[in-house]
Amino acid sequence: MIPFDALPQNVLPEQPALQQPWLSTGLVGGYAANAFGPRQMVTAKHVGAGVNSIVHLNDGTTRRVVAATSTTNVDLTVLTVDADLPTWCPVREAVNFNPADAMFIGAGRTPAAPVLSALGAVRGWYWGDTSGTLNWTRSELAYARYALEDYEVTFRAAPGSFAMTAGDSGGGFYTSDAAGNWNLQGVGVGIYLYNGLTEINGASASQFRPALPPYNVTYQGSEMLMPRTWLRSLTPIDGDANLNGTVDFDDLLAIVQNFGGTGTWSSGDFTGDQQVTFDDMLLLGQHYSGPPSDLDFFQTLVPEPGTIGLICPLLISRRRR
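Let me begin by describing the structure that accompanies this report.

Thresholds, definitions, all that
Residues numbered from 1 in each chain as written. Predicted model: local features only at pLDDT ≥ 70, side-chain atom pairs only at ≥ 80, totals over all residues. Heavy atoms only, no water. Phe/Tyr/Trp six-rings, centres within 6.5 Å; stacked < 30°, edge-to-face > 60°. Helix = DSSP H or I, 4+ residues; strand = E, 2+ residues; numbered from the N terminus. Buried < 20%, exposed > 50% of the residue type's maximum accessible area, 1.4 Å probe, protein only. Pairing = 2+ DSSP bridges. Axes fitted to C-alpha atoms, helices over the stretch in contact; angles between N-to-C directions.

### Let's talk about the packing of aromatic side chains
- Scanning the model with the defined rule gives 3 aromatic pairs in all.
- Between phenylalanine 259 and phenylalanine 278, the aromatic rings sit 4.9 Å apart at their centres with planes inclined by 75 degrees, giving edge-to-face as the arrangement. On the criterion of sequence distance, the pair formed by phenylalanine 259 in the loop between α3 (249-258) and α4 (278-287) and phenylalanine 278 in helix α4 is long-range, its members being 19 residues apart.
- Take phenylalanine 259: its relative accessible area is 12%, and that puts it in the buried class.
- For the ring pair tryptophan 265 and phenylalanine 270, a centre distance of 4.9 Å and an interplane angle of 75 degrees mean the geometry is edge-to-face.
- Ring pairing ties together the aromatic residues Trp88, Trp265 and Phe270, which thus form one cluster.

### Describing the sheet that holds strand β5 (residues 62-70)
- Strand order around the closed barrel formed by 6 strands is β1-β2-β3-β6-β5-β4, with antiparallel pairing between neighbours. The average angle at which neighbouring strand axes cross in this sheet is 40 degrees, direction not considered.

### Some thoughts on the environment of tryptophan 136
- As for its position among the elements, tryptophan 136 is in strand β10 (residues 135-137).
- Tryptophan 136 sits in the buried class, given a relative accessible area of 2%.

### A closer look at the pairing of strand β2 (residues 31-35)
- For β2, a buried count of 5 out of 5 residues is recorded, marking the element as mostly surrounded by other parts of the structure.
- In terms of strand pairing, strand β1 (residues 25-28) meets β2 through 4 bridges, oriented antiparallel. Opposite leucine 27, over in β2, you have alanine 32 as the bridge partner.
- Hairpin connection from β1 to β2: 2 residues lie between these consecutive antiparallel strands, with glycine 29 at a positive phi of about 60 degrees.
- Bridge analysis of β2 against strand β3 (residues 40-44) gives 2 bridges, and the strand direction is antiparallel. Each residue of the ladder has a partner; that of asparagine 34, found in β3, is valine 42.
- Hairpin geometry of β2 and β3 is characterised by an intervening segment of 4 residues between the two adjacent antiparallel strands.

Below, the structure is given as structure tokens:
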């Protein structure tokens, strides 16, 4: 694991367990955008991304935005791109404020400057690069205060700890559970400051009293948005590989043809981990509109990955009968 006193990083994490959030992120117009579905990314509305914007993903590829969706009074825009994303971190139904791990990825403009209290104590660190380079850091949560879809996250003061700054709008706050399943927990849109200070880097900030002591120092909190129901409504049904609105025999064939290998959504990776496994089959099974016997037949014929080439003809001939 990356220690909490490490400097922010702008390269792929060496640890496989940390790579999914990094590969789920891209830059659009110099700001971060976060993949939460097979072709869906979300960023702050005020950064101005829209149709025909180009997203530069962290795996070195690009995507073109073909649709942009927003809603009233929420500073977020959902971008639909023109091809499958390499991976994504889904939006879960439940809030996760007790993560096994947490990561924030943004493109802030102030390199490694300390966030100081009124008395000069270090309360955290800005980070980023003037070129808009994406950086990531893992930080220990000090506390999180949640209110509906708009909440606040504050991190422990330690070298390398995250603090949002100008340019970090649209950055993704990711958390993982004990099983290592990552999800998009929030999208950064602003900064909270406390105890009389009303601005930071020239940008106005709301004033709130810290939820936890000590109360007599300046705190900086990061404002996150996560309208879960709305975002989840914009992603396709789990198992719908061909994106036609139903989970049917064609989708089953897609997962069978790629079972045991790597893939994207169109080839049966419905979890976003770049692998086509029984976890993806379970998601397909929850929404399958064909006979349940199709799934049962498939599972009886998969003792070894090497038998996949024989299964497709059997499934097709069985369906014809």
